[in-house]
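The chain contents come next:
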Amino acid sequence: RGALLYWRVRGTLAKRPGATSSDEALVTRAADLADRYVDGVRPGGIRWVTNQEKRWGSCSTDSAEIRLSHRLQAVPGWVLDAAIVHELAHLVHPDHSPRFHALANRYPRQKEAALFLEGYSLGLRSPS
């Protein structure tokens with residue numbers, strides 16, 4: 001029984017890489033995504049935070065710091081990647097202009113991830 005439980009937990013965590021991802025792992029992940037989709041831009045730092053309940057992430061263009069809501073630790077890896085690429089794109093274009101979206105949408109599942117997060121956020125709200 002213990003081996004089966006271990007196997008299931010390991011399989012679940014493999015599907016949700018953010019669940020155990022450290023801030024250091026985020027740095028590596030962001031660098032890989034930046035090289036693939038955002039012309040190699042690098043954040044000044046990237047970390048999980050617990051004080052973002054309305055946003056999935058934020059980016060300070062002054063310090064180039066990216067903060068990701070801890071709520072993203074439960075999403076599939078491709079959704080986390082889309083959120084990271086979105087914030088990396090803000091380092092190049094600090095707005096939501098067409099040029100920003102063209103850059104962020106280089107990540108092929110960006111629009112699909114936005115839909116996922118929209119539905120996911122509905123499930124996170126407590127019933128009134």
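Shown above is the structure to which this text applies.
Note on numbering: residues in each chain are counted from 1, in written sequence order. With pLDDT at 70 or above as the cut-off, local features in this predicted model cover only qualifying residues; side-chain atom pairs require 80 or more to be listed or tallied, and sums for whole chains, interfaces and linings still use all residues. Calculation of side-chain values draws on the structure's entire complement of heavy atoms; hydrogens and water are dropped beforehand.

### Overview of the sheet that holds strand 3 (residues 65–69)
Piece 1. Strand order in this open sheet of 3 strands is 1-3-2, and the pairing throughout is mixed. Here the strands that pair on one side only, and so sit at the sheet edges, are strand 1 (45–49) and strand 2 (57–60). When strand polarity is set aside, the average angle formed by the axes of neighbouring strands in this sheet is 20 degrees.
Piece 2. When DSSP finds at least two bridges between two strands, those strands are taken to pair. Numbering of helices and strands runs from the N terminus; a helix is a DSSP stretch of H or I covering at least four residues, while a strand is a stretch of E covering at least two. Relative to strand 3, strand 1 runs parallel, the two sharing 5 bridges. Looking at strand 3, one finds that Arg 47 is bridged to Arg 67.
Piece 3. Any two residues having at least one pair of non-hydrogen atoms within 4.5 Å are treated as being in contact. Helix axes are fitted to C-alpha atoms over the stretch in contact, other axes to C-alpha atoms as well, and angles between N-to-C directions run from 0 to 180 degrees. Together, strand 1 and strand 3 form the strand contacts of helix 2 (residues 23–37), whose direction differs from that of strand 1 by roughly 130 degrees.

### Notes on the pattern of salt bridges
Piece 1. Salt bridges are counted wherever a side-chain nitrogen of Lys or Arg sits within 4 Å of a carboxyl oxygen of Asp or Glu. Applying the stated rule across the entire model yields 5 salt bridges.
Piece 2. Two residues, Arg 36 and Asp 32, come together in a salt bridge whose shortest N-O distance is 2.9 Å. Of this pair, Arg 36 and Asp 32 both sit in helix 2, 4 residues apart, which is roughly one turn of the helix.
Piece 3. Take Asp 32: its relative accessible area is 39%, and that puts it in the partly exposed class.
Piece 4. In this structure, Arg 106 engages Asp 39 in a salt bridge whose closest nitrogen and oxygen atoms are separated by 2.8 Å. Within this pair, whereas Arg 106 is found in the loop between helix 4 (98–104) and helix 5 (110–124), its partner Asp 39 is found in the loop between helix 2 and strand 1, the two being separated by 67 residues in sequence.
Piece 5. Whether a residue is buried, partly exposed or exposed follows from its accessible area with a 1.4 Å probe, protein chains only, as a fraction of its type maximum: under 20%, in between, or over 50%, in that order. The exposure class of Arg 106 is partly exposed, given its relative accessible area of 41%.
Piece 6. By relative accessible area, which is 64% here, Asp 39 ends up exposed.

### Re the packing of helix 2 against helix 3 (residues 77–92)
Piece 1. Between helix 2 and helix 3, the shortest axis-to-axis distance is 10 Å and the interhelical angle comes to 70 degrees. With respect to helix 3, the element helix 2 is oriented roughly perpendicular. Contacts between helix 2 and helix 3 involve Leu 26, Arg 29, Ala 30, Leu 33, Ala 34 and Tyr 37 from the first element and Gly 77, Leu 80, Asp 81, Ile 84, Val 85 and Leu 88 from the second.
Piece 2. Put simply, Ala, Val, Leu, Ile, Met, Phe, Trp, Tyr, Cys and Pro go in the nonpolar bin, Asp, Glu, Lys and Arg in the charged bin, and everything else, Gly too, in the polar bin. Considering only residue class, the contact of helix 2 with helix 3 consists of 9 nonpolar, 1 polar and 2 charged. Angle categories: roughly parallel below 35 degrees, roughly antiparallel above 145, roughly perpendicular from 65 to 115, and oblique for all the rest.

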